[in-house]
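# Breakdown of the fold
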Amino acid sequence: MTVRAPSTSVVVLFAASVLTMVLGSVHAFSVFLDPIETKFSVSRSTASLTYSIALISLTAAVLLGPGLYPRFSAKAYVAGVSVLAAAGACLAAFSGSVALLWLGYGVIFGAANGLGYGFALQIAAQYSAGRQGLFMGIVTAAYALGAFLASLAFERLTDALGFSAAMLGLASAVLMFGGLSALFLARTGARFVMVQPESATGRPFSTSIQALLWLGFFTGVFPGLAIIGHAAGILAVNAPEAALWLAPGVVAACSLLGSLVSGRLADRLEPSVLALALPLVSMGALLLLLNLTQTFAALALLGAVGFAYG
């Protein structure tokens, strides 16, 4: 991994964080469940399928994205991803059926989200001046911050102007912040360079080991994604009078904290320690959530899952 000049590293980190902050809005989706049910006259499971499709598209894009990263300059890549994400949000805004919503938000916005998030993490790591864990933790924290801010903004927009207005607001935010990120990257001339992942011995990982690492990543983040997608609904069962954005906001805030803490720990501890401990935190919190239904306890346990996810 090449060490870059400190000033360039900071600018790239800022640009990557700005991009992930606006893309993190995807994890405020649970705020949209009721509006989608009302607008399209569908069940909760059908509405939540929108988020599931977005996550599948996001994951596929993260896996396939590295083949695209080196083909463009960082500024051109980020600009293209931002336009694609905004197009998906606009299609969702004007969709007259849930199928078009799945295409716009689930497939197009979800895929653009994965392409942008994966790239932001990798470009920040390459320009990290030897602090990969810290830089990737900050970028991930910005992703969580975006989810926190979006949960509040989306609730206000849907209450005042409706679901379509919230989607148009999302499209505008993606174009604005994505454009800002591209401008800062243009100042650095940054470009992603493909690097073959290596083991501690300096030899490249085999395909089977890489597949095992991805499987471990999937099982580690799955509880967090499941909670993020239904946080508002979970809290609504325990505290119907609570603000809709509170649950996804708490999850996102704790995810932000977890990102910052784990970024530092990743530079200091063996990866296997974190890979084992964090899923255990999620598992314990979910088991307790089955029995502790008080509002504060539910929020604390949702936050614990968000922390482990971050």
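Residues numbered from 1 in each chain as written. Predicted model: local features only at pLDDT ≥ 70, side-chain atom pairs only at ≥ 80, totals over all residues. Heavy atoms only, no water.

### Observations concerning the overall build of the protein
The secondary structure content of the protein amounts to eleven helices and zero strands. The proportion of buried residues among the 310 residues of the protein is 45%. Long-range contacts, defined here as pairs at least 24 residues apart, represent 79% of the contacts in the protein between residues at least 6 apart. Total accessible area computed for the protein in this model is approximately 14,100 Å², and 71% of it derives from carbon and sulfur atoms. (Helix = DSSP H or I, 4+ residues; strand = E, 2+ residues; numbered from the N terminus. Buried < 20%, exposed > 50% of the residue type's maximum accessible area, 1.4 Å probe, protein only. Contact = heavy atoms within 4.5 Å. Areas by Shrake-Rupley, 256 points an atom, 1.4 Å probe, with all protein chains shown as cover.)

### Thoughts on the packing of aromatic side chains
In the structure shown here, the tally under the stated rule is twelve aromatic pairs. With a centroid separation of 5.3 Å and an interplanar angle of 90°, the aromatic rings of F32 and F163 are classed as edge-to-face. With F32 in the loop between α1 (6-23) and α2 (33-40) and F163 in helix α7 (residues 163-188), this residue pair connects regions lying 131 residues apart in the sequence. The class of F32 is buried, set by a relative accessible area of 0%. Over the ring of F40 we find K39; its NZ or CZ atom is 5.5 Å from the centre of that ring. (Phe/Tyr/Trp six-rings, centres within 6.5 Å; stacked < 30°, edge-to-face > 60°. Lys NZ or Arg CZ within 6 Å of the ring centre and 35° of its normal.)

### A few points about the confidence of the model for the protein
The predicted model of the protein has a mean per-residue pLDDT of 81, with 83% of residues at 70 or higher. Mean pLDDT values over the elements of the protein span from 69, in helix α8 (residues 207-238), up to 95, in helix α4 (residues 74-93). (pLDDT = per-residue confidence, 0-100.)

### Comments concerning the packing of α2 against helix α3 (residues 44-64)
Orientation of α2 relative to α3, taken along the N-to-C sense of each, is 120°, at an axis distance of 9 Å. In terms of their interaxial angle, α2 and α3 are classed as oblique. Helix-helix and strand crossings are classified by hand; for α2 and α3 the assignment is right-handed. Across from L33, D34, I36 and E37 in α2, the residues of α3 making contact are R44, A47 and S48. Considered class by class, the residues forming the contact of α2 with α3 number three nonpolar, one polar and three charged. (Axes fitted to C-alpha atoms, helices over the stretch in contact; angles between N-to-C directions. Parallel < 35°, antiparallel > 145°, perpendicular 65-115°, else oblique. Left-handed = near helix turned anticlockwise from the far one by under 90°. Nonpolar A, V, L, I, M, F, W, Y, C, P; charged D, E, K, R; others polar.)

### Re the packing of α3 against helix α5 (residues 98-126)
Contact geometry of α3 with α5 gives a least axis separation of 7 Å together with a crossing angle of 30°. Taken together, the axes of α3 and α5 are roughly parallel relative to one another. Of the two possible hands of crossing, α3 and α5 adopt the one that is right-handed. Touching T46, L49, T50, I53, A54, S57, L58, A61 and V62 of α3 are V98, L101, W102, Y105, G106, V107, G110, A111, N113, G114 and L115, all from α5. In the contact of α3 with α5, the residues fall into 13 nonpolar, seven polar and no charged.

### Observations concerning the environment of T140
On the secondary structure map, T140 appears in helix α6 (residues 132-160). Sequence spacing of T140 and S255 is 115 residues, and the spatial spacing of their C-alpha atoms is 8.6 Å.

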